[in-house]
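Summary of structural features
In case you want the letters, here they are:
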Amino acid sequence: MTTVHGDSTDLTPSEAEESEASAAGARTDSAESTVVEPEHTQAAESPPDPDAVDAAAAAGTADPPLEGGPVPGDGDAADLSDVGVDASDDPSDLSVVVLVPAYNEADTVADVVRAAKPYADDVVVVDDASDDDTGSVAREVADGVVTHPTNLGVGAALHTGYRLALRKEYDVVVQLDGDGQHDPSHIPEMVARLTETGAGMVVGSRWLNSSHKEYPPLRRAGIRFFTLEANLLGGVDVTDITSGYRVYDASLLAELGRPANGHWALEQTLEVARNGHDIEEVSVRMPPDSEGSQFDLETYAKYPARMVLTTLKVLLFR
């Protein structure tokens, strides 16, 4: 395992400004950004991009960024000929990385990583500047750890993971929550569905089994409403729009915009469909997370308008 110090968010200057604005009020310590890279492929030999170094300084560290070729957001077309799933590929030859975005998940992240390891070539944790020991715990068990210098939100954590996966030229990207809600034993089934159908993305759905009934009524109603809204306005056909348990053809990620911190799952699902990719679902039981429902009466009252605006933003501008 190789330790590389660098700008874990790997942003252009304009993206760095956007991230700082979105992270207003977040913790802004100047801790060094650390990347522990998996050894799936060797790091590229190209020198650090000066613009990215400036972005690193803006993000709280002046260390060089991860070395590597261009990926989405760098301003140049990336060579993705060796990335992703092709119809002629033998599924057993595909390289698989599991990404675990985590914020204050020190109690659960090690178990998540250990459970995922049998199903992937590498498991990488993106620690979004946790206040607890998430990063140090993850380094004990993960194949790679990326630590943001400041808390930037789930969208930035996903963006970091996607960029790393593309640079390392994995074929399949699996996304798991760090709280243990997603059972990694479903990964083989989801990867198989991806390769068999040629879909761009496979989503683990609670609505294809009875586990959604374990959620509080208000949360169930919220997820169901937002899913129906997205299906109606966005022309997609899914049962669980908010599920974060996802498997991607890695080449698909090169086409997507940077995930938003709010409603990222909705935006991403709509964008995948809008780009002409099929979306498959697999039945996955997901117990309610330990933090309880994110939906209270006030949130539920505000969400319909927000979700409509998010849907329209994707349909009009993505």
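Cut-offs and rules
- Residues numbered from 1 in each chain as written.
- Predicted model: local features only at pLDDT ≥ 70, side-chain atom pairs only at ≥ 80, totals over all residues.
- Heavy atoms only, no water.
- Helix = DSSP H or I, 4+ residues; strand = E, 2+ residues; numbered from the N terminus.
- Buried < 20%, exposed > 50% of the residue type's maximum accessible area, 1.4 Å probe, protein only.
- Contact = heavy atoms within 4.5 Å.
- Areas by Shrake-Rupley, 256 points an atom, 1.4 Å probe, with all protein chains shown as cover.
- Arc of directions from axis to C-beta.
- Core = buried A, V, L, I, M, F, W, Y, C linked by side-chain atoms within 4.5 Å.
- Polar contact = N/O pair within 3.5 Å; in protein donor to acceptor, adjacent residues only side chain to side chain.
- pLDDT = per-residue confidence, 0-100.
- Pairing = 2+ DSSP bridges.
- Axes fitted to C-alpha atoms, helices over the stretch in contact; angles between N-to-C directions.
- Parallel < 35°, antiparallel > 145°, perpendicular 65-115°, else oblique.
- Left-handed = near helix turned anticlockwise from the far one by under 90°.
- Nonpolar A, V, L, I, M, F, W, Y, C, P; charged D, E, K, R; others polar.
- Expected span 1.5 Å × (residues − 1).
- Phe/Tyr/Trp six-rings, centres within 6.5 Å; stacked < 30°, edge-to-face > 60°.

With that settled, consider the overall build of the protein chain. Secondary structure summary: the protein chain contains ten helices and nine strands in total. Burial status across the protein chain gives 50% buried among its 318 residues. Excluding contacts between residues fewer than 6 apart, the proportion of contacts in the protein chain whose partners are at least 24 apart in sequence is 78%. Within the structure as shown, the protein chain displays about 13,700 Å² of accessible surface, and the carbon and sulfur contribution to it stands at 49%.

This part takes up helix H6 (residues 187–197). Taken as a whole, H6 has its buried residues at Ile 187, Met 190, Val 191 and Leu 194. Angular distribution of buried residues about the axis of H6 spans 100°; they occupy a single face of the element. Its buried side turned inward, H6 meets strand E3 (96–102), strand E6 (172–175), strand E7 (201–205), strand E8 (246–249) and strand E9 (279–283). Phi turns positive, to about 75°, at Gly 198, one or two residues after H6.

This paragraph deals with the nonpolar core. Core analysis: the biggest nonpolar cluster contains 31 residues, and Val 98, Val 125, Val 174 and Leu 176 have the highest contact counts within it. Sorting the residues of this core by element identifies E3, helix H3 (109–116), strand E4 (122–127), helix H4 (134–141), E6 and H6 as the ones contributing at least two each. Looking at this core, the element that brings in the most residues is H3, giving five residues. Excluding residues that lie within four positions of it along the chain, Val 125 makes contacts with Val 100, Ala 102, Val 109, Val 113, Ala 138, Ala 142, Gly 144, Val 145 and Val 146. Membership of the second largest hydrophobic core comes to 30 residues, among which are Val 83, Ala 230, Val 236 and Trp 264.

Let us now look at the side chain of Ser 205. For Ser 205, the position within the fold is in strand E7. The class of Ser 205 is buried, set by a relative accessible area of 0%. At 2.5 Å, the side chain of Ser 205 and the side chain of Thr 239 are in polar contact. Residues contacting Ser 205, with those up to four places away along its chain left out, are Thr 239, Asp 240, Glu 281, Val 282, Ser 283, Val 284 and Met 286.

Looking now at the confidence of the model for the protein chain. A low pLDDT means the predicted coordinates there should not be read in detail. Chain-level pLDDT for the protein chain is 74 on average; 65% of the residues reach the 70-or-more range. Every residue in residues 290–296 is under pLDDT 50, and counting partners more than four places away or in other chains gives 13 contacts.

So, on to the pairing of E6. Burial along E6 is two-sided: the face carrying Val 172 and Val 174 and the face carrying Val 173 and Gln 175 are both buried. As judged from the four bridges shared by E3 and E6, these two strands associate in the parallel manner. Looking at the pairing, Val 97 lines up with Val 173 of E6.

Packing of H3 against H4 brings their axes to within 9 Å, and their N-to-C directions diverge by 25°. The angle between the axes of H3 and H4 places the two elements in the roughly parallel class. Once H3 is placed against H4, the crossing between them reads as right-handed. Every residue of H4 that contacts H3 at Val 109, Ala 110, Val 113 and Arg 114 is listed here: Thr 134, Val 137, Ala 138 and Val 141. In terms of residue class, the contact of H3 with H4 is made up of six nonpolar, one polar and one charged.

Glancing now at helix H5 (residues 154–167). In this model, H5 (14 residues) spans 20 Å end to end at C-alpha, consistent with the 20 Å of a helix rising 1.5 Å per residue. Among the 14 residues in H5, 13 count as buried, and that is most of the element. Positive backbone phi, at 60°, marks Glu 169, one or two positions downstream of H5.

Attention now goes to the packing of aromatic side chains. In this description, an aromatic ring pair is defined by two values, namely the gap between the centres and the angle between the planes. Tallied over the entire structure, the rule returns one aromatic pair. Both rings, one in Tyr 162 and one in Tyr 248, keep their centres 5.6 Å apart while their planes meet at 70°; by these two values the pair is edge-to-face. Of the two residues, Tyr 162 is situated in helix H5 and Tyr 248 in strand E8; the sequence distance between them amounts to 86 residues.

Turning next to the environment of Leu 166. Here Leu 166 shows up in helix H5. Sequence separation between Leu 166 and Leu 253 is 87 residues; the distance between their C-alpha atoms is 8.0 Å.

Let us now look at the environment of Leu 94. Here Leu 94 is to be found in the loop between helix H2 (50–58) and E3. By relative accessible area, which is 8% here, Leu 94 ends up buried. The contacts of Leu 94, once residues within four sequence positions are left out, are Gly 84, Val 85, Asp 89, Asp 121, Asp 171, Val 172 and Thr 195.

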